[in-house]
Amino acid sequence: MKTSDIHSFAEYEKTYQISIAQPEAFWAEQAEKLTWQKKWDKVLEWDFVEPNIQWFVNGKINITENCLDRHLDKKGDKVALIWEPNDPDEKCIQYTFKELHAEVGKMANVLKNNGVKKGDRVCLYMPMIPELAISIMACARIGAPHSVVFAGFSSQALVGRVEDTKAKVVLTSDGAYRGTKTIPIKTVVDEAVLSCPLVDKIIVVQRTGEDVNMQPDRDVYLHDELKKVNAICPPEAMDAEDALFILYTSGSTGKPKGVVHTTGGYSVFVDYTFRNVFQMEEDDIYWCTADIGWVTGHSYLVYGPLIAGATTVMFEGVPTYPNSGRFWDVIDKYKITHFYTAPTAIRALMAAGEEIVKPYSLASLRVLGSVGEPINEEAWQWYNKNIGKEKCPIVDTWWQTETGGIMISSLAGVTPCFPTMAAYPLPGIQPVLMDKDGNEITDNEVEGYLCIKFPWPGMLRTTYGDHERFKKTYFSAYKGKYFSGDGARRDSRGLYRIIGRVDDVINVSGHRFGTAEIENAINQNIKIVESAVVGYPHDIKGQGIYAYVILTHDAENESIENVKTMINETIIKEIGHIAKPDKVQIVKDLPKTRSGKIMRRILRKIAENEISNVGDTSSLLNPQVVEDIIQGRV
Ligand code: WTA
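Not measured: the values here are computed from a predicted model.

1. Points about the overall build of the protein chain
For the protein chain, the count of helices and strands is 19 helices and 31 strands. Taking 26 Å as the expected radius of gyration for a compact globule of 634 residues, we find that the protein chain reaches 24 Å, a close match to that expectation. Across its three principal axes, the protein chain shows a C-alpha extent of roughly 75 × 65 × 55 Å. The buried share of the protein chain, reckoned over its 634 residues, is 60%. Long-range contacts, defined as pairs at least 24 residues apart, comprise 71% of the intrachain contacts of the protein chain with a sequence gap of at least 6. Just so you have it, the protein chain exposes about 24200 Å², and 49% of that area is on carbon and sulfur atoms. Of the charged side chains in the protein chain, 71 are positive and 84 negative; the average position of the first set lies 2 Å away from that of the second.

Shown next as structure tokens:
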């Protein structure tokens, strides 16, 4: 028996119409499916100018009661979470709903014992170990908003995020296993907290067992703390609009912003979208390969599947260890039915060759998913043929950290899938395309800037500590509409294809970086005067990072190899390995307008190798530099 609400194309069409005609009644009906401690007084209050958005006003709810407690009666012994370690020879761990409930209760009590109270922000800097999933729910259990920082970020990047949330408690691990590597984690936190005087407690999970610095009075091991607690921790009554989590994401300015999601609307939205997009049946096994450090891990590894009472798989390792067949091995091992991954992973595994896939059966698979960036035709076809064996629908799900959950996607096996197209807006979602003058484009067969014109329960409510930035970033480009930062095409049937970012955000392997953020990091280097960063098409990563740099007079004779090494060093320090440029070009000058603004459009064309068509350069202050840059391109 399916747990979805929509089972046919006709039902989708009908539901969509109803959801648009009466959005409040529609979302109230979805909200009724969850357990509330107190029902809401009003479904929606909104204003996209101010902006101010509230869903399920005065309702009281705890998301973990919905993930765990309410399943205990009927499926307490069903497996909720399967954890697959990095090393295939290490034992996997499975938690039933009852066991996970107990673990979350214990962890919540550990947090309380260590001074965490409702409303306090808790920062989590952890690898993909079960304690990460358990900790985010433990925070939610007691009403402490969690802020997960992807464990690939540098200590400097961690400082920025910890400072912004003013977290006093950080959860981490001694180290992490990734493929053949053991990565220090605690030392990154140690370095970061030197600049975060507010942090007075670090709770450390022992994963690798290596010796780490434990500062008395500040650092405690989780296993010691667990000995002091029991599993009983009632779910805190949270207001629907209380913050559930903060997650930092990059935008067009240098500083990542803390996207704030609240409790009630987010719970309703991830539940509804998970059930209807993936169309799971009771005994299905679902695997989302995303890291919990990104929004996909929050919404569709932990919260969505667990609210829906599904079995969710969490993987500690990397797709290429011990070899490029690891994903396929794990699918056969657990008889995964639903597999959700990113185009960059598909392209990397595609490059490893079909031979690697052949030994695996993959017969359990019924639904495939894609997320994080546009999926190109070739990767889509490969995924469909070699993994789905041409019998699994592929849901290409478009959404963002800001949207909380899936916005545009086919519903698996219910609405048709078309290669490279996210396709159908979900019920309750009202996308519009805008032209450059700010007018809505109502025809089909058009391209425009993708906006959403009506609120949905999972949308962000603010950017942490800076509501003005929220307004400016999302609601000022097109009056009264949420602007996604993406461009999209609507075809003759009214279906959507996402083209990609139209702002200064680069999507590298599904990870977002602002060009300004990378430039700021590069410019920390004393031998660099100025830099400009753009994205360019990359076979595996989707987009690669192309950096144009101007060296100081003293450094003029440095070799390109030395320059790359020093840039990498600063990037690793300021952001992390994931933001290292793929290409670096040393230039004498950058093309600038008379007001001193870098003309990225031209730099983008050069990076894309579209040199016959760099566009008009006559308005530049220094048009002659363009030819030099073209000559020196890499
Ligand atoms: C891109 C990830 C095309 C898009 C959930 C968006 C996609 C950004 C798709 C958000 C898709 C995500 N097709 N592009 N199916 N899914 N994107 O915040 O540019 O990490 O704005 O959220 O990824 O990235 P974020």
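Having seen the model, we can carry on.
2. Looking at the domain arrangement of the protein chain
You can read the domains of the protein chain as domain 1 (9-487) and domain 2 (509-631). The C-alpha centroid of domain 2 is placed 32 Å from the C-alpha centroid of domain 1. Between domain 1 and domain 2, the contact holds 23 residues from the first and 20 residues from the second. Regarding the contact of domain 1 and domain 2, the summed buried area is about 1500 Å², with carbon and sulfur atoms giving 51% of it.

3. Regarding the pattern of salt bridges
All told, the structure shown has 42 salt bridges when counted by the stated rule. Among the salt bridges present, the one from Lys 39 reaches Glu 32, with a minimum N-O distance of 3.0 Å. Sharing partners across several salt bridges, the network here consists of Asp 5, Lys 33, Asp 271 and Arg 275.

4. Examining helix 7 (residues 155-165)
Turning to helix 7, its buried residues number three or more, namely Ser 155, Ala 157, Leu 158, Val 159, Arg 161, Val 162 and Thr 165. Here the buried face of helix 7 lies against strand 6 (122-125), strand 7 (146-148), helix 8 (186-193), strand 14 (243-249) and helix 17 (560-574).

5. Structural notes on the sheet that holds strand 23 (residues 446-452)
Strand order across the open sheet formed by 5 strands is 22-21-23-25-26, with antiparallel pairing between neighbours. In the strand order of this sheet, the two ends are held by strand 22 (440-441) and strand 26 (496-501), each with one partner. The pairing of strand 23 with strand 25 (residues 482-490) spans 6 bridges and is classified as antiparallel. For Val 446, the partnering residue across the bridge sits in strand 25 and is Arg 490.

6. Considering the site of the ligand
Every one of the 17 residues lining the ligand counts as a neighbour, but Asp 396, Thr 397, Thr 401, Asp 486 and Arg 512 are closest to it. Between an oxygen atom of the ligand and a side-chain N or O atom of Asp 486, the distance comes to 2.6 Å. Taking Arg 512, its side chain carries an N or O atom lying 2.7 Å from an oxygen atom of the ligand. In isolation the ligand has 530 Å² of accessible area, and contact with the protein removes 97% of it. Contributions of two or more residues to the shell around the ligand are made by helix 11 (295-307), strand 20 (394-397) and strand 26. Here the shell around the ligand is composed, by residue class, of 6 nonpolar, 6 polar and 5 charged.

7. Focus: the side chain of Arg 326
Here Arg 326 lies in helix 12 (residues 326-334). According to the relative accessible area criterion, Arg 326 is buried, its value standing at 2%. One polar contact links the side chain of Arg 326 to the main-chain carbonyl oxygen of Tyr 321, over a distance of 3.1 Å. When neighbours within four sequence positions are excluded, Arg 326 is seen to be in contact with Glu 84, Pro 85, Asn 86, Asp 87, Pro 88, Phe 315, Val 318, Pro 319 and Tyr 321.

8. As for the packing of helix 5 (residues 97-113) against helix 6 (residues 130-142)
Between helix 5 and helix 6, the shortest axis-to-axis distance is 8 Å and the interhelical angle comes to 65°. As far as their axial angle goes, helix 6 and helix 5 are roughly perpendicular. For the crossing formed where helix 5 meets helix 6, the hand is right-handed. Taking contact as the criterion, the partners of Leu 100, His 101, Glu 103, Val 104, Met 107, Ala 108, Leu 111 and Lys 112 in helix 5 are, on helix 6, Glu 131, Ile 134, Ser 135, Met 137, Ala 138, Cys 139, Arg 141 and Ile 142.

9. Let's talk about the environment of Arg 326
A C-alpha to C-alpha distance of 22 Å links Arg 326 and His 511, two positions 185 residues apart in sequence. Within the structure, the side chain of Arg 326 is placed 2.5 Å from the backbone oxygen of Asn 86, a separation counted as a polar contact.

10. Some words on the packing of helix 18 (residues 600-607) against helix 19 (residues 624-631)
Across the interface, helix 18 lies against helix 19 with an axial gap of 10 Å and an inter-helix angle of 25°. Comparing their axes, helix 19 and helix 18 come out roughly parallel. Along this stretch, helix 18 crosses helix 19, giving a crossing that reads as right-handed. Of helix 19, the residues touching helix 18 (which contributes Ile 602, Leu 603 and Ile 606) are Val 626, Ile 629 and Ile 630. Among the residues forming the contact of helix 18 with helix 19, the class breakdown is 6 nonpolar, no polar and no charged.

11. Here's the deal with unusual backbone geometry
Among all residues except glycine, the phi angle is most often negative; among peptide bonds, the trans geometry is most common. Residue Pro 51 is reached from Glu 50 by a cis peptide bond, and omega for that bond is -20°. With respect to the element layout, Pro 51 can be found in the loop between strand 1 (42-47) and strand 2 (52-57). Following Tyr 321, the chain continues to Pro 322 via a peptide bond in cis, the omega torsion being -5°. Relative to the elements of secondary structure, Pro 322 occurs in the loop between strand 17 (311-315) and helix 12. Of note, Lys 166 is a non-glycine position whose phi angle comes to about 55°, a positive value. Relative to the helices and strands, Lys 166 resides in the loop between helix 7 and strand 8 (169-173).

12. A word on the nonpolar core
As a rule of thumb, nonpolar side chains are buried together in soluble globular proteins. In this structure, Phe 56, Met 137, Phe 278 and Tyr 303 are the most contacted members of the largest nonpolar core, which totals 119 residues. The leading source of residues in this core is helix 6, at 9 residues. If we ignore the near neighbours within four places in the chain, the residues touching Met 137 are Thr 64, Cys 67, Leu 68, Leu 100, Val 104, Val 302, Tyr 303 and Leu 306. In this structure, Leu 158, Ile 506, Ile 522 and Ile 575 belong to the second largest nonpolar core, which totals 44 residues.

13. Considerations on the sheet that holds strand 20
Sheet architecture is open: 7 strands sit in the order 5-4-17-16-18-19-20, paired in mixed fashion. On the outer flanks of this sheet lie strand 5 (93-96) and strand 20, each paired with one strand and no other. The mean angle between the axes of side-by-side strands here comes to 20°, regardless of whether they run parallel or antiparallel. Both strand 4 (residues 79-84) and strand 5 contribute to a ladder of 4 bridges, which runs antiparallel. The residue of strand 5 that forms the bridge with Ile 82 is Gln 94. Against the sheet, helix 10 (residues 263-278) contacts strand 16 (285-288), strand 18 (338-341), strand 19 (367-371) and strand 20, and its axis sits at roughly 145° relative to strand 20.

Conventions adopted
- Residues numbered from 1 in each chain as written.
- Predicted model: local features only at pLDDT ≥ 70, side-chain atom pairs only at ≥ 80, totals over all residues.
- Heavy atoms only, no water.
- Helix = DSSP H or I, 4+ residues; strand = E, 2+ residues; numbered from the N terminus.
- Rg over C-alpha atoms; globule rule 2.2 N^0.38 Å.
- Buried < 20%, exposed > 50% of the residue type's maximum accessible area, 1.4 Å probe, protein only.
- Contact = heavy atoms within 4.5 Å.
- Areas by Shrake-Rupley, 256 points an atom, 1.4 Å probe, with all protein chains shown as cover.
- Lys, Arg positive; Asp, Glu negative; His and termini not counted.
- Charge placed at Lys NZ, Arg CZ, Asp CG, Glu CD.
- Domains from an automatic or database assignment.
- Buried area = accessible area lost by both parts, 1.4 Å probe.
- Salt bridge = Lys/Arg side-chain N within 4 Å of Asp/Glu carboxyl O.
- Pairing = 2+ DSSP bridges.
- Near = heavy atom within 4 Å.
- Polar contact = N/O pair within 3.5 Å; in protein donor to acceptor, adjacent residues only side chain to side chain.
- Nonpolar A, V, L, I, M, F, W, Y, C, P; charged D, E, K, R; others polar.
- Axes fitted to C-alpha atoms, helices over the stretch in contact; angles between N-to-C directions.
- Parallel < 35°, antiparallel > 145°, perpendicular 65-115°, else oblique.
- Left-handed = near helix turned anticlockwise from the far one by under 90°.
- Core = buried A, V, L, I, M, F, W, Y, C linked by side-chain atoms within 4.5 Å.

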